[in-house]
Structure formats: structure tokens, C-alpha cells
Amino acid sequence: SKKRKKNEKDSKDNEFDDSRTVFAGGLPLQANVEDIKLFFSETGKVSRVRLLQYQGRSNGAAFVEFETVGDANKAVKMDGEQFLKKKVRVNLAS
């Protein structure tokens, strides 16, 4: 099996763009993708969320991709904010 390069057209569509993506940890376990989009929507337009799961349940972490690099940078400033009574950690994915 050949390893795909990041810049190949077919793999580009489903790979997250690290420059526009943040890693969010410490998320409330009950939060779903829509809750996370809503939480981050105050910093900019969220293009998609990948909720990390273990055995079908949230493990409290997600990758959140924004429309722009600037929006992702704004989202990092939400590090330490409260989300459903939990302190969220936010870092750039790159």
C-alpha cells in the first residue's frame, strides 16, 4: 500500500488543515459536535469538528477546524474558558 502525500487531491478533502485547526481538550463528555461548534462559533466560522472517541463515547477532546487561520488563532484565546462547567484547553493543532 502506497503512502499518500498530503497534497494529493483525493486525500485533501478529508484531511484537516492544521493551520486552521485547534485541538480542544477537557471538553465535557456530554458535549456533542453541535455543542462544540456553538461554543467555538463566537471566535469564527467552524467548518468541522472531529470528536475523539473511545469505544463509541467522547473522551473529552476534539479537533475543530475553522474557515480561516485568523479564526483558529482567535479560538486559542479561549484556552481556560468554561464550557458546561469544565475548563477547556485549546491549542493550535500545528
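The following paragraphs examine the structure supplied in this document. (Residues numbered from 1 in each chain as written. Predicted model: local features only at pLDDT ≥ 70, side-chain atom pairs only at ≥ 80, totals over all residues. Heavy atoms only, no water.)

## Considering the sheet that holds strand β6 (residues 89-92)
Strand pairs in the sheet, formed through backbone hydrogen bonds, run parallel or antiparallel to each other.
Thinking step 1. On the basis of which strands lie adjacent, the open sheet formed by four strands has the order β2-β3-β1-β6 and antiparallel pairing. The open sheet has two edge strands with one neighbour each: β2 (46-54) and β6. Neighbour to neighbour, the strand axes of the sheet diverge by 25° on average, direction disregarded.
Thinking step 2. Contacts between helix α2 (residues 33-40) and the sheet are confined to β1 (21-25), β2, β3 (57-66) and β6, with β2 contributing the most and set at about 135° to the helix.
Thinking step 3. Lying on the sheet, helix α3 (residues 69-76) is in contact with β1, β3 and β6; it crosses β6 at an angle near 145°. (Pairing = 2+ DSSP bridges. Helix = DSSP H or I, 4+ residues; strand = E, 2+ residues; numbered from the N terminus. Axes fitted to C-alpha atoms, helices over the stretch in contact; angles between N-to-C directions. Contact = heavy atoms within 4.5 Å.)

## Considering the pairing of β3
Thinking step 1. Of all 10 residues in β3, seven are buried; the element is thus mostly enclosed.
Thinking step 2. Where β1 meets β3, five bridges bridge the pair, whose relative direction is antiparallel. Bridged to G25 within β3 is A61.
Thinking step 3. Of the strand pairs in this sheet, β2 and β3 are connected by eight bridges, and their pairing is antiparallel. Following the sheet pairing, L52 is matched in β3 by A61. (Buried < 20%, exposed > 50% of the residue type's maximum accessible area, 1.4 Å probe, protein only.)

## Quick notes on the packing of aromatic side chains
Thinking step 1. All chains considered together, the criterion is met by four aromatic pairs.
Thinking step 2. Taken together, a centroid distance of 4.3 Å and an interplanar angle of 15° make the contact between F39 and F83 stacked. Of this pair, F39 sits in helix α2 while F83 sits in strand β4 (residues 82-83), and the two are 44 residues apart along the sequence. The burial state of F39 is the same as that of F83; both residues are buried.
Thinking step 3. Of the aromatic side chains, those joined through ring pairs into one cluster are F39, F40, F66 and F83. (Phe/Tyr/Trp six-rings, centres within 6.5 Å; stacked < 30°, edge-to-face > 60°.)

Purely geometric numbers; function is a separate question.
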